[in-house]
Amino acid sequence: MKKIEAIIRTDKLEDLKESLTKAGYAKGMTVSQVLGYGNQRGFAEYVRGKKVIPALLTKVKAEIVIQDAAVENVIEEICNAVRTGEVGDGKIFITPIEDVVRIRTGERGGDAI
Ligand SMILES: Nc1ncnc2c1ncn2[C@@H]1O[C@H](COP(=O)(O)OP(=O)(O)OP(=O)(O)O)[C@@H](O)[C@H]1O
Ligand SMILES: [Mg+2]
């Protein structure tokens, strides 16, 4: 199992949910509002060499735990759903998940997703 953490533009959350639901991938999702900055330090134009204190922009973080076999498809779905081609489109982080517990039933691992 893997956890996909997608940090995206706030106005792309609905597109992300729709595409993953249609494709039948995300059986569950956790969403938070986050603050962050990327390579442009939170500015649309970053003047090289000029010292700029990073500005924190509001983004949405969507966390999705999925089976290993679905990872590449989910990444593709997310990119297609949220990409504008402009800076600030976001990033996807992928980490291994050791185990999952469905509290109601006690199911573990892939069965619990
Ligand atoms: N290396 C990083 N570590 C943690 N969070 C990051 C990192 N890079 C980006 N983020 C998060 O992702 C958000 C969007 O980043 P952004 O899309 O601007 O990345 P970028 O590398 O600057 O790419 P681009 O050049 O396309 O803008 C940031 O506001 C921040 O929350
Ligand atoms: Mg950026």
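Shown above is the structure to which this text applies.
Since we're looking at a predicted model, the values are computed, not measured. (Residues numbered from 1 in each chain as written. Chains lettered and ligands numbered in written order. Predicted model: local features only at pLDDT ≥ 70, side-chain atom pairs only at ≥ 80, totals over all residues. Heavy atoms only, no water.)

(A) Structural view of the layout of surface pockets. Taken as a whole, the largest pocket holds about 460 Å³ of empty space. Within the residue set of the lining of the largest pocket, elements represented by two or more residues are β2 (30-36), β3 (57-66) and β4 (90-96). Within the lining of the largest pocket, the residues separate by chemical class into nine nonpolar, seven polar and four charged. (1 Å grid on protein atoms, 1.4 Å probe; cavity = no way out; pocket = protein on both sides within 12 Å on 5 of 7 lines; lining within 4 Å. Points joined across faces, edges and corners; volume = space filled by probe spheres on them. Helix = DSSP H or I, 4+ residues; strand = E, 2+ residues; numbered from the N terminus. Nonpolar A, V, L, I, M, F, W, Y, C, P; charged D, E, K, R; others polar.)

(B) Representation of the packing of helix α1 (residues 13-23) against helix α2 (residues 71-82). Following both chains from N to C, one finds α1 and α2 inclined at 140°, their axes separated by 9 Å at the closest point. It follows that α1 is oblique to α2 by the angle criterion. For the pair α1 and α2, the crossing hand works out as right-handed. Contacts from Asp15, Leu16, Ser19, Leu20 and Ala23 in α1 reach Val74, Glu77, Ile78, Ala81 and Val82 in α2. Its residues placed into classes, the contact of α1 with α2 shows seven nonpolar, one polar and two charged. (Axes fitted to C-alpha atoms, helices over the stretch in contact; angles between N-to-C directions. Parallel < 35°, antiparallel > 145°, perpendicular 65-115°, else oblique. Left-handed = near helix turned anticlockwise from the far one by under 90°. Contact = heavy atoms within 4.5 Å.)

(C) Local environment of the nonpolar core. With 17 residues, the main nonpolar core has Ile4, Leu16, Ile66, Val74 and Ile78 as its most contacted residues. Of all the secondary-structure elements, those providing two or more residues to this core are β1 (2-8), α1, β3 and α2. Counting residues per element, this core draws most heavily on α2, at six residues. Residue contacts for Ile66: discarding those within four places in its chain leaves Met1, Lys2, Ile4, Val71, Val74 and Ile113. (Core = buried A, V, L, I, M, F, W, Y, C linked by side-chain atoms within 4.5 Å. Buried < 20%, exposed > 50% of the residue type's maximum accessible area, 1.4 Å probe, protein only.)

(D) View of the sheet that holds β2. Taken together, four strands build an open sheet; the order of strands is β2-β3-β1-β4 and the sheet is antiparallel. On the outer flanks of this sheet lie β2 and β4, each paired with one strand and no other. Direction aside, neighbouring strands of the sheet carry axes that sit 25° apart on average. In this structure, β2 lies alongside β3, joined through seven bridges in antiparallel fashion. Each residue of the ladder has a partner; that of Val34, found in β3, is Lys59. Each of β1, β2 and β3 is contacted by α1, which is oriented at about 15° to β3, the strand it contacts most. Here α2 sits on the sheet in contact with β1, β3 and β4, set at roughly 10° to β1. (Pairing = 2+ DSSP bridges.)

(E) Layout of unusual backbone geometry. The phi angle at Arg41 is positive, at roughly 60°, despite the residue not being glycine. Examined against the element boundaries, Arg41 turns out to sit in the loop between β2 and β3. Owing to a relative accessible area of 29%, Arg41 belongs among the partly exposed residues under this scheme.

(F) A look at the site of ligand 1. Of all residues adjacent to ligand 1, which total 13 residues, the nearest are Asn39, Gln40, Gly88, Gly90 and Lys91. Out of a free accessible area of 610 Å², ligand 1 has 69% covered by protein chains. Within the shell around ligand 1, the residues separate by chemical class into four nonpolar, six polar and three charged. (Near = heavy atom within 4 Å. Areas by Shrake-Rupley, 256 points an atom, 1.4 Å probe, with all protein chains shown as cover.)

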